[in-house]
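Summary of structural features
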Amino acid sequence: MEPSSGWDGPTFQPLVVLELASNTPEEAVAWLLSRIRDSQQNGGAELLVEQLSPGAAEGGEKDNPNLFVVGASWQRLLCGAEDCGLFKEYSDGSMRGFTCANQHRFKGFTGAGDDFLSMAECQYIIKHQLEALRAKDETHVPGYSQAKLYPGKSIIRRLQSKGILVQMFPLHDKEELKRLSFSWYRTVRLSLQPLDAIRRYFGEGQALYFGFLEYFTIALLPMAVLGVPYYLFDWENYDKYVLFAVFNLVWCTVLLEVWKRYSATLAYCWGTLSRKKAFEEPRPGFHGVLGLNPVTGRKEPVFPSVSRQLRIYLVSLPFVLLCLYLSLIVYAVVIEAVNLLYRYAAEFLTEWENHRRESSYQNHLVLKVLVFNFFNCFASLFYIAFVMQDMLLLRQSLATLLITSQVLNQLMEAFLPYWLQRRRNKKMIRKVLRRRAIEEKELPLAEQVRLEADMSTYLGTFDDYLELFLLFGYVSLFSCIYPLAAVLVVLNNITEVYSDAFKMCKLFKRPFADPAGSIGVWQLAFETISVIAVVTNCALIGMSPQVKAYFPESATQLILWTVAVEHLLLGFKFILAFLIPDVPKHIRVKLAQIEFESLEALKKKKILEASKPDAE
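Residues numbered from 1 in each chain as written. Predicted model: local features only at pLDDT ≥ 70, side-chain atom pairs only at ≥ 80, totals over all residues. Heavy atoms only, no water.

1. A few points about the pattern of salt bridges
For clarity, the threshold we go by: Salt bridge, as applied in this entry: a Lys or Arg side-chain nitrogen positioned within 4 Å of an Asp or Glu carboxyl oxygen. The helix and strand labels rest on DSSP assignments: H or I over at least four residues marks a helix, E over at least two residues marks a strand, and numbering proceeds from the N terminus. Throughout, exposure labels follow a simple rule: accessible area from a 1.4 Å probe, protein chains only, divided by the maximum for the residue type, with under 20% read as buried, over 50% as exposed, and the rest as partly exposed.
What the rule picks out here adds up to 13 salt bridges. Measuring nitrogen to oxygen at the nearest pair gives 2.9 Å for the salt bridge that ties Arg35 to Glu138. One end of the pair, Arg35, is in helix α1 (residues 26-37); the other, Glu138, is in the loop between α3 (119-131) and β6 (140-141), with 103 residues separating them in the sequence. By the burial criterion, Arg35 is buried, and Glu138 matches it. Two residues, Asp500 and Lys503, come together in a salt bridge whose shortest N-O distance is 3.3 Å. With Asp500 and Lys503 both in helix α15 (residues 485-507), this residue pair falls 3 residues apart, about one helical turn. Among the residues examined, Asp500 registers a relative accessible area of 0% and is labelled buried. Given a relative accessible area of 7%, Lys503 falls into the buried group.

Listed below in structure tokens is the structure:
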């Protein structure tokens, strides 16, 4: 498996990199490459793959020889786009699932090698085809008798779970990345983000996150503009925050409902709104005894649902409750450290619960982390507001939390990863400096691949959404007490755009595109906060001296009126959410038209099939 000494690069466009463990036996390497290259009729991926030549040894340290670049022919990519259910713009302007049979009816399709498919889409197609590689009659990975293979199960997932496949990542496109960087963060300008360019390079999941960050920032501007004069002229007048609290209630509801419409518009234009997700393969970390999957009819590892539920309710849940109790004790001292330690524990427990699907794993992880972070970050504020009832201390605490968390987040998200990237090892620094010395020149492919292989892996938008979730909580729950909260969050979000863009373009490997149609479970998380905000703001209104003056002799009546108003506002909130459609009417009409045309085509097909026997 040694590459030829005269190797100057692959004869195809390299899109994805596979790195196997350096001690992988040659028979395992040869077997995997043959499965990748083999035709689809024989159960292969029918992709192009070549091995990189070993780099020059520096300081006695040899590069991993098992680095491979993967690409595909144009026709294979088109077939893969159809297999993935990729949606593209049709000749009538609607978004439809791509098919090779009707390829010339799609806008932008002119022939082989055009820009009809973005590089991110091509890389996603290759990832999908690699993960679709199934074991046939092999009982184990060649050279690894303990790495069992099951007929019909994903080979790539098995190699990942056994540590044979170290990493799989898409390559950056230097020129396209440079153009994106200049239009995104390298020049300071008062303009919206290039969401379409972000989506084209990083995929829909990333573009939706930055779209939500931008939308959230713009939506905060009215509250920030209103908060500045309120802060300047009524800072010590506690009676005046009632109107601000009422504004809060309407704002957080309208914000999320309008976002759903906006995200649906983006998802439709990007072809992910009505796109069906592929059948989820088991996670690489999933394990169990060999059994029969009732859905696919294939033999695969199965894990009893009862055992998983016992792990969740007898171990994970008590641990979460224990951490919530402990966080009350050490809240003011080590809040950030506790958050970090709990995050590691939550990931360990969720992994131990042994969820079969990645989506289920992510949902349970999000739930654990959100519950703890909400309690850990807001417990002291609720105590000060409703037990101590000290509004001045509440303002000071909220301001302190906002400022310190923003400073720490910027350090942890941008500056620390950048410093660690530079300090990782001398070899990496020399490569980075060499890259900068020839910034305008083309790096050799082998050097670019090895440089990117040493970069940190981007772990997704989880932490980014979590930060926005907490900021949304600070603003919607307590900003009526501290009107500058919205101003601080706007400033944070502006710097967040630049820091997130910088780390995406400079510090991390390029992530695979995620064809997301929404922000997923985070939408529910934000809506839950907005419901809690109704209760919180109503309670703050009821505690204001201005309202208490109407009930000088009966605290019970005050409580009853506060609860009644809170129920009315919750009812109004849900009615408002019902009246505002999640999907704009023109998009619903287009989707209905496509569905109608599909049904009509299916009827015609059945009529033709039924008429064939009669003709014979």
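Let's pick the thread back up.
2. Points about the side chain of Ser397
Rules: Two residues qualify as a contact provided that any one of their heavy atoms is within 4.5 Å of a heavy atom in the partner residue.
Assignment of secondary structure puts Ser397 in helix α11 (residues 391-423). Judged by its relative accessible area of 18%, Ser397 is buried. Ignoring anything within four residues of it in the chain, the contact list for Ser397 reads Leu381 and Ile384.

3. A closer look at the UniProt feature "transmembrane region" (unreviewed entry) in the protein chain
Rules: UniProt positions are given in the numbering used here, feature names are shortened, and annotations may be inferred rather than shown by experiment.
The UniProt record marks residues 207-229, 241-259, 312-345, 365-386, 398-420, 468-491, 512-543 and 558-580 with the feature "transmembrane region" (unreviewed entry), using the residue numbering of this structure. Helix makes up 72% of residues 512-543 and strand 0%. Its end C-alpha atoms lie 50 Å apart.

4. So, the nonpolar core
Threshold: The criterion is simple. A nonpolar core is a set of buried Ala, Val, Leu, Ile, Met, Phe, Trp, Tyr and Cys residues joined through side-chain atoms within 4.5 Å.
Formed by 93 residues in total, the largest nonpolar core has its most connected members in Trp184, Trp251, Phe469 and Trp522. If you tally residues by element for this core, the top one is helix α7 (residues 204-234), at 13 residues. Apart from residues no more than four positions distant in its own chain, Trp251 is found in contact with Phe216, Ala219, Leu220, Met223, Phe472 and Val475. Of all hydrophobic cores here, the second largest spans 49 residues; its members include Leu20, Leu78, Ile126 and Leu159.

5. Side note on the sheet that holds strand β1 (residues 16-20)
Operational definition: Strand pairing requires that DSSP identify at least two bridges connecting the strands. The axes used here are C-alpha line fits, helices contributing only the stretch in contact, and every angle between their N-to-C directions lies in the interval 0 to 180 degrees.
A sheet is described by the order of its strands in space; here 4 strands give the open sequence β2-β3-β1-β8, paired in antiparallel fashion. Each edge of the open sheet carries a strand with a single partner, namely β2 (48-51) and β8 (165-170). Geometrically, the sheet is characterised by an average inter-axis angle of 20 degrees between neighbouring strands, direction not taken into account. Note: β2 against strand β3 (residues 67-71), 4 bridges, orientation antiparallel. Paired with Gln51 across the two strands is Phe68, which belongs to β3. Against the sheet, α1 contacts β1, β2 and β3, and its axis sits at roughly 155 degrees relative to β2. Sheet contacts for helix α13 (residues 445-453): β1, β3 and β8; angle to β8, the most-contacted strand, approximately 115 degrees.

6. What about the confidence of the model for the protein chain?
Defined as follows: Across the chain, each position has a pLDDT score giving the predictor's confidence in that residue, from 0 to 100.
Residues of the protein chain with pLDDT of at least 70 account for 82%, and the chain-wide mean is 80. Here residues 436-440 scores under 50 on pLDDT; set against residues more than four positions off or in separate chains, the count is 7 contacts.

7. Observations concerning the pairing of β1
Within β1, 5 of the 5 residues are buried, which leaves the element mostly enclosed by the surrounding structure. The alternating pattern of β1 places Val16, Leu18 and Leu20 and Val17 and Glu19 on opposite faces, both of which are buried. When β1 meets β3, the two strands line up antiparallel, connected through 4 bridges. Directly across from Glu19, in β3, lies its bridge partner Leu67. In this structure, β1 lies alongside β8, joined through 5 bridges in antiparallel fashion. Bridging from a neighbouring strand, Leu20 pairs with Leu165 of β8.

8. Focus on the pairing of β3
The buried count for β3 comes to 5 of 5 residues, which makes it a mostly enclosed element. Of the two faces of β3, the one holding Leu67, Val69 and Gly71 and the one holding Phe68 and Val70 are both buried throughout.

9. Some remarks on α13
Counting buried residues along α13, 9 of its 9 residues qualify, which places the element largely inside the surrounding structure. Taken together, the buried positions of α13 are Leu445, Ala446, Glu447, Gln448, Val449, Arg450, Leu451, Glu452 and Ala453.

10. What about the packing of helix α14 (residues 462-478) against helix α16 (residues 521-543)?
The criterion, for reference: Comment on the angle field: the value is read as roughly parallel under 35 degrees, roughly antiparallel over 145, roughly perpendicular from 65 to 115, and oblique elsewhere. Handedness of each helix crossing follows the sense of rotation of the near helix against the far helix: counterclockwise by less than a right angle gives left-handed, clockwise gives right-handed. Ten residues, namely Ala, Val, Leu, Ile, Met, Phe, Trp, Tyr, Cys and Pro, are considered nonpolar, four, namely Asp, Glu, Lys and Arg, are considered charged, and the remaining ones, Gly among them, are considered polar.
Running from N to C, α14 and α16 point in directions that differ by 20 degrees, and their axes come no closer than 8 Å. What the angle tells us is that α14 and α16 run roughly parallel. Seen along the crossing, α14 lies across α16 with a hand that is right-handed. Contacts from Phe462, Tyr465, Leu466, Leu468, Phe469, Phe472, Gly473, Ser476, Leu477 and Phe478 in α14 reach Trp522, Ala525, Phe526, Ile529, Ser530, Ile532, Ala533, Thr536, Asn537 and Leu540 in α16. Of the residues in the contact of α14 with α16, the class split is 15 nonpolar, 5 polar and no charged.

11. Comments concerning unusual backbone geometry
One non-glycine residue with positive phi stands out, namely Glu46, at about 55 degrees. Looking at where Glu46 falls in the secondary structure, it is placed in the loop between α1 and β2. Phi at Gln389 takes a positive value of approximately 55 degrees, unusual for a residue other than glycine. Relative to the helices and strands, Gln389 is located in the loop between α10 (358-388) and α11. Owing to a relative accessible area of 41%, Gln389 belongs among the partly exposed residues under this scheme.

12. A short note on the state of the cysteines
Going by this rule: To count as a disulfide, a pair of cysteine sulfur atoms needs to be within 2.5 Å.
What the rule picks out here adds up to 0 disulfides. Counting only cysteine sulfurs, Cys100 is the nearest neighbor of Cys79, a cysteine outside any disulfide, at a range of 4.1 Å. A residue is classified by how much of its surface remains accessible, and Cys79, at 27% relative accessible area, is partly exposed.

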